[in-house]
Amino acid sequence: MFNPADKIQDLQYFGEFGGVNPSISDSSTYTFLSAKTMFDTFEGNADGCYLYSRHSSPSNLYLSQALAAMENTESANVTASGMGAITATIMQLCKGGGHVVSSRTIYGGTYAFLKNLLPQFGSHTTFVDITKMEAIEQAVTSKTKIIYLESVSNPLLEVADIKKIADFAHSRGLKLVVDNTFSPLSVTPKNLGADVVIHSLTKYINGSSDTVGGVICSTLDFINELKDVNSGACMLLGSTMDSFRSASILKNLRTLHLRMKQHSVNAQYLAEKFEQAGIKTVYPGLKSHPSHELFKQMWNEEYGFGGMLTIDAGSLEKANALMELMQNRNLGYLAVSLGFYKTLFSAPGTSTSSEIPADEQLEMGLSDGLIRFSIGLDNDIERTYQEMLKCIKEIGVI
Ligand SMILES: *Cc1c(COP(=O)(O)O)cnc(C)c1O
């Protein structure tokens, strides 16, 4: 059976002096033994030759290869940030004013790009409730090129039926692009039919909140298209990762399976306890989650339901007071982002999803009192729960 962590483990790279880590490529440009090879490389016909580090570098290729193995795709290309991966992919696929059908509950930056920036290049987006198949079907027009979604959506933790949507996309000649940032290892979108799988490496995959990074995993043809010197969005928009960063992310990737298991165990524990205490809690691992069964059809079980959960504190005032109190008690940080060793929390309505207008937030169920948690790697989660419960009671959430 396919196991993404085994695929990563099977890839070993050595340094040029036999080091246990690959050497970091510390060059922006590369020499050629002959002028002819340089010409061929620019034409795209000299496999294995490096040209210039915006195109590719040995360190970036190591990390890309490991992430392609993890997502079970032919190839991958790392980028300077998750948004660098998302924007390059969409612009490459939406040539000539192509239309996008997108989930309406997506990362705020992606939403802002699709809604405000992409129309300047002639492409428009219809936002839909991704859990409603009819809504997706109705939104497709003759100009549609892609369907865009997140496996587990930010911040509402809606789960998309990737297989069903992929089958529909292919029946209409469309590409399915999936942002899998919230569920690395747990969900393998390519195995369910996704054409392009994207991650913000900034989150779980790097896991140490010390850099931004992104990746696009897909067919060799599409990755080559993105890197084409004449028309590739990665090559020409220039969101290239630095070699030092790709080397450090590759080292952190080696512990991703251990971290994901611990994030999932801790989040499952807290979600169950919060729900039992009478707090409105959303977590895909709860039976009360509308897509609990669907997630179980799609998952690689041992990595669990992930580390993200939300609770409703009732009002923005209570949410803010609770987050400040939990931070004072050293239970986590009031910060955006996710996938850190420490629990992070924020109120999406006034932070990561503030790009979404208030009336639209309301319509999609993004309430004022919503707190999004990225549950950390705490050793004793029962102890953490007891301390959190004290804070919750002090603020009067229950
Ligand atoms: C953070 C995030 C992004 C953007 O990634 P950056 O690395 O910050 O550019 C995209 N999608 C999701 C789901 C995210 O959480």
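Preceding this section is the structure that the text describes.
Let me sum up the structure you'll find in this document. Quick caveat: nothing in here was measured; it's all calculated off a predicted structure. Residue positions are given per chain, counting from 1 as you read along its sequence in written order. Restriction of local features to residues with pLDDT of at least 70 applies here, the model being predicted, together with a cutoff of 80 or more for giving and counting side-chain atom pairs; totals for whole chains, interfaces and linings are based on all residues. Hydrogens and waters are ignored; side-chain quantities use all the structure's heavy atoms.

It is worth spelling out the overall build of the chain at this point. Counting its secondary structure elements, the chain contains 15 helices and twelve strands. In terms of C-alpha radius of gyration, the chain reaches 21 Å, essentially the compact-globule figure of 21 Å for 398 residues. Here the C-alpha coordinates of the chain stretch approximately 75 × 55 × 40 Å along the principal axes. The cut-offs for exposure are 20% and 50% of the maximum accessible area for each residue type, with area from a 1.4 Å probe on protein chains only; residues under the lower value are buried, those over the upper are exposed, and the others partly exposed. Burial statistics for the chain: of 398 residues in total, 57% are counted as buried. Note on conventions: DSSP H or I runs of at least 4 residues are helices, E runs of at least 2 residues are strands, and numbering of each starts at the N terminus. The globule rule used for comparison is 2.2 Å times the number of residues to the exponent 0.38, while the radius of gyration itself is calculated over C-alpha atoms.

Judged by nonpolar contacts, the single largest core of 86 residues is most densely connected at Leu67, Leu176, Leu253 and Leu309. Counting residues domain by domain, this core receives three or more from each of domain 1 (4-253) and domain 2 (257-395). Whether two residues are in contact is decided by their heavy atoms, any of which lying within 4.5 Å being enough. When residues no more than four places from it in sequence are discounted, the contact partners of Leu176 are Ile147, Leu149, Ile162, Ile165, Ala166, Ala169, Ala194, Asp195 and Val196. To define a nonpolar core, start from buried Ala, Val, Leu, Ile, Met, Phe, Trp, Tyr and Cys residues and group those joined through side-chain atoms within 4.5 Å. Formed by 28 residues, the second largest nonpolar core is a distinct cluster that contains Ala88, Leu93, Phe113 and Ile198. What marks off one domain from the next here is an automatic or database domain assignment.

This part takes up the pairing of strand β6 (residues 196-200). Regular strands show a simple pattern: their side chains alternate between the two faces of the sheet. For β6, a buried count of five out of five residues is recorded, marking the element as mostly surrounded by other parts of the structure. Of the two faces of β6, the one lined by Val196, Ile198 and Ser200 and the one lined by Val197 and His199 are each fully buried. The pairing criterion is simple: DSSP has to find at least two bridges between the two strands. Pairing analysis gives three bridges linking strand β5 (residues 175-179) to β6, with the strands arranged parallel. By the bridge assignment, Val177 is partnered in β6 with Val196. Of the strand pairs in this sheet, β6 and strand β7 (residues 214-218) are connected by four bridges, and their pairing is antiparallel.

Before going further, it helps to spend a moment on the sheet that holds β7. One open sheet holds the seven strands; their spatial order is β1-β7-β6-β5-β4-β2-β3, and the pairing between them is mixed. Strands at the two margins of the open sheet, each flanked by one partner only, are β1 (75-79) and β3 (125-128). Adjacent strand axes in the sheet meet at a mean angle of 20° when their direction is disregarded. Packed on one face of the sheet, helix α4 (residues 82-93) meets β1, β2 (99-103), β4 (144-150), β5, β6 and β7 and runs near 155° to β6. Axis lines are fitted to C-alpha atoms, over the contacting stretch for helices. Their N-to-C directions set the angle, which ranges from 0 to 180 degrees.

The subject of this paragraph is the packing of aromatic side chains. Aromatic pairing here means that ring centres of Phe, Tyr or Trp (its six-membered ring) are within 6.5 Å. Orientation follows from the plane angle: under 30 degrees is stacked, over 60 is edge-to-face, and everything else is tilted. Inspection of every chain in the model, using the stated rule, returns eleven aromatic pairs. Their ring planes at 70° and their centres at 6.3 Å tell us that Tyr283 and Phe305 sit as a pair that is edge-to-face. One end of the pair, Tyr283, is in the loop between β8 (280-282) and α12 (292-298); the other, Phe305, is in the loop between α12 and β9 (308-312), with 22 residues separating them in the sequence. Per residue, the accessibility class of Tyr283 equals that of Phe305, and both read buried. Both rings, one in Trp299 and one in Phe305, keep their centres 4.5 Å apart while their planes meet at 40°; by these two values the pair is tilted. The buried category is assigned to Trp299, whose relative accessible area is 19%. Assessed through its relative accessible area of 11%, Phe305 is described here as buried. Of the aromatic side chains, those joined through ring pairs into one cluster are Phe274, Phe345, Phe373 and Tyr385.

This brings us to the site of the ligand. We call a residue near a molecule or strand whenever a single non-hydrogen atom of that residue lies within 4 Å of it. Taken together, the neighbourhood of the ligand is formed by 14 residues, with Met83, Asp179, Ser200, Thr202 and Lys203 sitting nearest. Contacts described as polar in this section are N or O atom pairs within 3.5 Å, which, within protein, must combine one atom able to donate a hydrogen with one able to accept it, while residues neighboring in sequence count only if both atoms come from side chains. Between the ligand and the protein, one listed contact pairs an oxygen atom with a backbone N or O atom of Met83 at 2.8 Å. A distance of 2.7 Å separates an oxygen atom of the ligand from a polar atom in the side chain of Lys203. Considered on its own, the ligand offers 380 Å² of accessible surface; in the complex 93% of this is hidden by protein. Per-element tally for the shell around the ligand: the top contributor is α4, with three residues. Of the residues in the shell around the ligand, the class split is five nonpolar, six polar and three charged. Accessible surface area values rest on a Shrake-Rupley calculation with a 1.4 Å probe, where residue burial reflects the displayed protein chains alone. Gly is placed with the polar residues, together with every amino acid not listed as nonpolar (Ala, Val, Leu, Ile, Met, Phe, Trp, Tyr, Cys and Pro) or charged (Asp, Glu, Lys and Arg).

Before going further, it helps to spend a moment on the state of the cysteines. Working definition: the covalent bond between the sulfur atoms of two cysteines is a disulfide. The disulfide definition used here is simple: a pair of cysteine sulfur atoms within 2.5 Å. For the structure on display, the rule yields zero disulfides. With no disulfide of its own, Cys94 lies closest to Cys234 among cysteine sulfurs, the gap being 15 Å. Here Cys94 falls in the buried class, since its relative accessible area comes to 5%. Looking at the unpaired Cys234, the closest cysteine sulfur is the one in Cys217, lying at 12 Å. Relative accessible area serves as the criterion here: at 6%, Cys234 is assigned to the buried category.

What follows concerns the pattern of salt bridges. Salt bridges are defined as contacts in which a side-chain nitrogen from Lys or Arg sits within 4 Å of a carboxyl oxygen from Asp or Glu. This structure, assessed with the given rule, holds ten salt bridges. Asp167 is paired through a salt bridge with Lys163; the nearest N and O atoms lie 3.5 Å apart. With a gap of four residues between them, Asp167 and Lys163 both fall in helix α7 (residues 162-171), about one helical turn apart. Of the residues examined, Lys163 reaches a relative accessible area of 46% and is grouped as partly exposed. When the shortest N-O distance is used, the salt bridge between Glu387 and Lys390 registers 3.0 Å. Remark: Lys390 and Glu387 occur in helix α15 (residues 381-395); sequence separation between them is three residues, near one turn of the helix. A relative accessible area of 30% places Glu387 in the partly exposed class.

This next bit is on the pairing of β5. Burial runs high along β5: four of the five residues are buried. In terms of strand pairing, β4 meets β5 through five bridges, oriented parallel. Its bridge partner being in β5, Tyr148 is matched across the sheet by Val177. Orient the strands so they point away from the viewer; a crossover is then right-handed if the path from the first strand over the helix to the second runs clockwise. Crossover handedness for the path β4 to α7 to β5: right-handed.

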